[in-house]
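Each chain is listed here by its residues.
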Amino acid sequence: QVQLVESGGGLVQAGGSLRLSCAASGRTFSSVAMGWFRQAPGKEREFVAAITWSGGITYYADSVKGRFTISRDNAKNTVYLQMNSLKPEDTAVYYCAAAKSPHYSEDADWYDYWGQGTQVTVSS
């Protein structure tokens, strides 16, 4: 079993920054992939970014590329999402997810474990 606990959401002005954290526990993470997704009201869950735990290889959705950075701290079993130059359209509930596979995917169904979600609101 894997437990994921998110933190770091909040309210920011457009152009501001937030860093989301997702602390994982319950197993080792030498062969998993971690992803961030978001879901805005009335919209489907959207892929944001992913990272492989062992190699640190990253992948980003076009909508956040150049603004968001995903990273991990292996010693802390924590994955981060640094969000810069935030826009009102970034407003959503953000979820972290873990896959048993060392490969990541844009498909939410690929992931086996999910955090509770944290609200990010960007005002104009």
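Look up a bit, the structure's there.
The rules behind the values
Residues numbered from 1 in each chain as written. Predicted model: local features only at pLDDT ≥ 70, side-chain atom pairs only at ≥ 80, totals over all residues. Heavy atoms only, no water. Helix = DSSP H or I, 4+ residues; strand = E, 2+ residues; numbered from the N terminus. Rg over C-alpha atoms; globule rule 2.2 N^0.38 Å. Areas by Shrake-Rupley, 256 points an atom, 1.4 Å probe, with all protein chains shown as cover. Lys, Arg positive; Asp, Glu negative; His and termini not counted. Charge placed at Lys NZ, Arg CZ, Asp CG, Glu CD. Pairing = 2+ DSSP bridges. Axes fitted to C-alpha atoms, helices over the stretch in contact; angles between N-to-C directions. Salt bridge = Lys/Arg side-chain N within 4 Å of Asp/Glu carboxyl O. Buried < 20%, exposed > 50% of the residue type's maximum accessible area, 1.4 Å probe, protein only. Phe/Tyr/Trp six-rings, centres within 6.5 Å; stacked < 30°, edge-to-face > 60°. Lys NZ or Arg CZ within 6 Å of the ring centre and 35° of its normal. Core = buried A, V, L, I, M, F, W, Y, C linked by side-chain atoms within 4.5 Å. Disulfide = S-S within 2.5 Å.

Student: In this structure, what is going on with the overall build of the chain? I would like to understand it.
Tutor: Scanning the chain for helices and strands turns up zero helices and 11 strands. For the chain, the α and β elements follow one another from N to C terminus as β-β-β-β-β-β-β-β-β-β-β. Here the chain has a C-alpha radius of gyration of 13 Å; the compact-globule value for 124 residues is 14 Å, and the two agree. Once the C-alpha set of the chain is aligned to its principal axes, its extents read approximately 40 × 30 × 25 Å. Looking at the chain as shown, the accessible area adds up to about 6,100 Å², and 47% of this sits on carbon and sulfur atoms. One way to put it: in the chain the 11 positive side-chain charges average out to a point 7 Å from where the 11 negative ones average out.

Student: Which parts of the structure should I look at to understand the sheet that holds strand E7 (residues 68-73)?
Tutor: The strands making up a sheet are joined through hydrogen bonds of the backbone, oriented either antiparallel or parallel. Judged by pairing direction, the sheet is antiparallel, and its four strands sit side by side in the order E1-E3-E8-E7 without closing on themselves. The open sheet has two free edges, formed respectively by strand E1 (3-7) and E7, since each of these has just one partner strand. For this sheet, the mean inter-axis angle between neighbouring strands, taken without regard to orientation, is 15°. Where E1 lies against strand E3 (residues 18-25), five bridges are found, and the strand directions are antiparallel. By the bridge assignment for E3, leucine 4 is matched with alanine 24.

Student: Even after reading the chapter, I still don't get the pattern of salt bridges, so can you show me in this structure?
Tutor: When the charged atoms of two side chains lie near each other, side chains of opposite charge can form a pair. Across all of its chains, the model carries four salt bridges by this definition. Across the pair aspartate 90 and arginine 67 runs a salt bridge, and its minimum N-O distance is 2.7 Å. Taken as a pair, aspartate 90 in the loop between strand E8 (78-83) and strand E9 (92-99) and arginine 67 in the loop between strand E6 (58-60) and E7 lie far apart in primary sequence, 23 residues in all. The burial state of aspartate 90 is the same as that of arginine 67; both residues are buried.

Student: Is there a simple way to think about the packing of aromatic side chains in this case?
Tutor: What describes a pair of aromatic rings is the distance from one ring centre to the other and the angle between the planes of the rings. Summed over all chains, the structure comprises seven aromatic pairs. One aromatic cluster in this structure is built from Phe37, Phe47, Tyr59, Tyr95, Tyr104, Tyr111 and Trp114. Stacked on the ring of tyrosine 95, the Lys or Arg arginine 45 has its end atom at 4.0 Å from the ring centre. Taking NZ or CZ as reference, arginine 45 lies 4.8 Å from the ring centre of tryptophan 114, over its face.

Student: I would appreciate a short explanation of the nonpolar core in the present structure.
Tutor: With 38 residues, the main nonpolar core has Leu4, Trp36, Leu81, Met83 and Tyr94 as its most contacted residues. Residue assignment for this core shows that the elements contributing at least two residues are E3, strand E4 (33-39), strand E5 (46-52), E7, E8, E9 and strand E11 (118-123). Among the elements that make up this core, the one with the highest residue count is E9 (six residues).

Student: Mind showing me how you'd approach the state of the cysteines here?
Tutor: Here is the idea: a disulfide is a covalent bond, and it sits between the sulfur atoms of two cysteines. One pass over the structure, following the stated rule, counts one disulfide. A sulfur-sulfur distance of 2.0 Å marks the disulfide that ties cysteine 22 to cysteine 96. Judged by the sign of its S-S torsion, about 50°, the cystine formed by cysteine 22 and cysteine 96 is right-handed. With cysteine 22 in strand E3 and cysteine 96 in strand E9, this pair connects stretches of sequence that are 74 residues apart. What makes cysteine 22 buried here is its relative accessible area of 0%.

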